[in-house]
Number of protein chains: 2
Amino acid sequence: MNYDDAGVSLAAADASVARIAQIARRTFSPRVLTPIGGFGAAFDISGLGGQRPTLVSTTDGVGTKTEVARAGARYEGLGRDLVAMCVDDLVTTGAQPLFFLDYLAMGAVDPALVSLIVESIATALLEVNASLVGGELAEHPGVLEPGQVDLAGFAVGILDPDQSLGAHRVENGDVVLGLPSPNVRANGFSLIRAIYAELLEQVRSGRRGPSLADGRFLYDALVEPSVLYTPTVRALTEAGLLHAAAHVTGGGLAANLQRVLPPDYGVAIRPWPWPEIFTHIAHDGDVPLTTMRTTFNLGVGMVLVAPPAAKPAIQAAVPTAIDLGVIERSREGVEWIDA
Amino acid sequence: MNYDDAGVSLAAADASVARIAQIARRTFSPRVLTPIGGFGAAFDISGLGGQRPTLVSTTDGVGTKTEVARAGARYEGLGRDLVAMCVDDLVTTGAQPLFFLDYLAMGAVDPALVSLIVESIATALLEVNASLVGGELAEHPGVLEPGQVDLAGFAVGILDPDQSLGAHRVENGDVVLGLPSPNVRANGFSLIRAIYAELLEQVRSGRRGPSLADGRFLYDALVEPSVLYTPTVRALTEAGLLHAAAHVTGGGLAANLQRVLPPDYGVAIRPWPWPEIFTHIAHDGDVPLTTMRTTFNLGVGMVLVAPPAAKPAIQAAVPTAIDLGVIERSREGVEWIDA
């Protein structure tokens, strides 16, 4: 018996690895010391991180958005989703992203699909000034079907603790601003797959399903890639305008904002209009409001906490920022003001 | 519709995350600055890495050894395998492991199984002085079956470039020594699953299958966890005894040793006796010798390259080291001497 008999194509893997190395090289900063393919990826950090350099690392996956993408063979945004999930977490600490590694498991290694996904990762990393220094391509025949993929990522950044963001910097009277998300990013997809099982069946058979009011197909809105908040958060951090930031992922806005509130501080969140995709999901799945709020970003994917004096500068830099409320001492956690 | 209707158990996930945090805390070095659960894991690296501190990162998975483990519900070694795959790669560069993050995807979050796997990761990390600073637990209902898991990891270490190992340090006359591996570690499992499909069916139905000459069941030998070479390699590195090291994973000994040979240097590898598990696999699967050599470690999981003067000290520290050959200038790559 040989590897091909076991459903593993070494030739496809070799072709993919060569292509990955080529794509990754485009993202290399001069600090990357080894080419892809060594036993470890080396990254020179001399001079970074101030007097007490601190590494910040994050890991995340894109969940089963991969399955929704597979239904219509719309994999091209998954790499951007992956980078957003990891790096948008990382920058909420005040850290600067340095490098990234990906883990891609497939039922069968399809070099064209590998390229598409890794290109998407690389393009997103270029936007956040991080290098794709390594990764693992795994073939899992018999566990995943051909076309099925699992995608996870790891990001490392560096922080000067004197410039860290978080609960320790939040003060009474700080303003709370939201950065808009027109789509679901990469959260809640097991729920979405259950609600839209029939739509996904239609898409698999070549139909497009219903449209939104803006003319986009609902399916296209579901697979739309995430906004990358990192460039905005980094620029505001470097300008010294922020006290804290919270990336809205699983758990929703309240649970994630709670993570950067000092004990005994709270905020009442004003309502904002949900993008249409969320009203569709709530309606089509008869999803309770509480579940919508704890599962989806509902149109706000990143929350910023800033001193009131910084508000005009932030609004000038990000005119679409949504005014969500004000931090108050002696208020219990995050509360929703109903519309 | 709600999350439970979609096959996602938030209660099971919450219970698991609390348990993971508890287990991980045991591994924390004083340099870990944030508890598990923040947006990013912070690790203080001040004073590490010499004048030009360089980070080394690796990522790997355990492949479909997970499926072989599932057949007999023998998951308890997978965490050790994962740490070995990542950290034994990392130390071949001369780096010191600092921290680790894991990615665990499951068909259904089973808190007892999560604990078992994370405990195994944590125990292995304690042996290599690395902290489990974060991870992602993903539930993929409908993609993975209950009991099916996918496991990947990510390790970061720090290197003082003045103490790096690799091809740039290898010289004519250096000795090549192998550290023994009694089992397959976590490579070649798609081939193993194809060869032993019937055995795995038997194991699933509660039978144990054939035994090896040493009395162990063949199945038990297949799921046996990897040797962790990191403590040995780190001790030899810190004693200044090594020029290079190669972790024998996919591609086998020759391809991995080749990665640390300078151009126009080579070595003729002497034969050594294969552990019985490999002769079984070759026989039961009628696997060609070339495939055995490019797929499995065949009993040597780590190769060390050292100056001849260091050989007695290495053999004193590791009496089981196998004498494999001598580096020669003007020899083409790695060649096998047939038994």
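Per chain, residue numbering runs from 1 following the sequence as it is written. Both sets of labels track the order of writing: A upward for chains, 1 upward for ligands. Local features in this predicted model are restricted to residues whose pLDDT is 70 or higher, and side-chain atom pairs enter the listing and the counts only when it is 80 or higher, whereas totals over whole chains, interfaces and linings include all residues. Only hydrogens and water are removed before side-chain values are computed, so all heavy atoms of the structure are retained for them.

We now examine the pairing of strand β1 (residues 41-44) of chain A. Neither face of β1 of chain A is open: one carries A41 and F43 of chain A, the other A42 and D44 of chain A, and all of them are buried. Pairing between two strands requires that DSSP report at least two bridges joining them. Counting from the N terminus, the helices are DSSP H or I runs at least four residues long and the strands are E runs at least two residues long. Two elements, β1 of chain A and strand β2 (residues 54-61) of chain B, share four bridges in a ladder whose sense is antiparallel. What sits directly across from A41 of chain A, in β2 of chain B, is S57 of chain B. Relative accessibility decides the category of a residue: with a 1.4 Å probe and only protein chains considered, values under 20% of the type maximum give buried, values over 50% give exposed, and everything between is partly exposed.

Our next topic: the sheet that holds strand β3 (residues 96-106) of chain B. In space, the five strands of this open sheet follow the order β1(A)-β2(B)-β5(B)-β3(B)-β4(B), with mixed pairing throughout. Strands with a single pairing partner mark the edges of an open sheet, and in this sheet they are β1 of chain A together with β4 (131-139) of chain B. Strand-to-strand twist across the sheet, computed as the mean angle between neighbouring axes with direction ignored, equals 20°. Pairing between β3 of chain B and strand β5 (residues 149-159) of chain B: ten bridges, direction antiparallel. Bridge pairing in β5 of chain B links L101 of chain B to F154 of chain B. In this description, a line fitted to the C-alpha atoms serves as the axis of each element, helices being fitted only across the stretch in contact, and the angle between N-to-C directions of two axes falls anywhere from 0 to 180 degrees.

A separate point is the relation of the copies chain B and chain A. If you rotate chain B by 180° and push it 0.0 Å along the axis, it lands on chain A with an RMSD of 0.0 Å. On this basis, the relationship between the two copies can be described by a two-fold rotation axis. Residue by residue, 99% of the interface of chain B is reproduced at the interface of chain A, so both copies engage with the same surface. Least squares is the method for superposing the copies, and the C-alpha atoms it fits come from residues with pLDDT of at least 70 in both. It only takes one pair of heavy atoms within 4.5 Å for two residues to be counted as in contact.

Each partner contributes residues to the interface: chain B has 73 residues there, and chain A has 72 residues. Of the roughly 5,400 Å² buried where chain B meets chain A, counting both sides, 60% is carbon and sulfur surface. A simple way to read buried area is as the amount of 1.4 Å-probe accessible surface that goes missing from two parts once joined, with both sides added. Interface area lost by chain B to chain A is led by M1, F39 and L55 of chain B, which between them contribute 17%. Throughout this description, the term salt bridge denotes a Lys or Arg side-chain nitrogen within 4 Å of a carboxyl oxygen of Asp or Glu. Seen at the junction of chain B and chain A, the total is two salt bridges. For the salt bridge of D44 of chain A with R52 of chain B, the shortest nitrogen-to-oxygen distance reads 2.6 Å. Residues adjacent in sequence count toward polar contacts only when both atoms are side-chain atoms; beyond that, a polar contact is any pair of N or O atoms within 3.5 Å, and within protein one must be able to donate a hydrogen and the other to accept it. Counting the contacts that link chain B with chain A gives 18 residue pairs in polar contact (both at pLDDT 80 or more). Counting only elements with at least two residues in the side of chain B that touches chain A, the list comes to β1 (41-44), β2, β3, β4, β5, α5 (189-195), β7 (244-247) and α11 (289-295) of chain B.

Here we come to the packing of helix α1 (residues 10-25) of chain B against helix α4 (residues 111-127) of chain B. Residue and element names in this part refer to chain B. Two elements in contact, α1 and α4, have axes whose closest approach is 9 Å; the angle formed by their N-to-C orientations is 20°. Judged by the angle between their axes, α1 and α4 are roughly parallel. The handedness of the crossing between α1 and α4 comes out as right-handed. Note on element contacts: α4 touches α1 through P111, V114, S115, V118, E119 and A122, opposite A12, S16, R19, I20 and I23. By residue class, the composition of the contact of α1 with α4 is seven nonpolar, two polar and two charged. Comment on the angle field: the value is read as roughly parallel under 35 degrees, roughly antiparallel over 145, roughly perpendicular from 65 to 115, and oblique elsewhere. Handedness of a helix crossing follows the sense of rotation of the near helix relative to the far helix, less than a right angle counterclockwise being left-handed and clockwise being right-handed. Gly falls in the polar group here, along with every residue not listed as nonpolar (Ala, Val, Leu, Ile, Met, Phe, Trp, Tyr, Cys, Pro) or charged (Asp, Glu, Lys, Arg).

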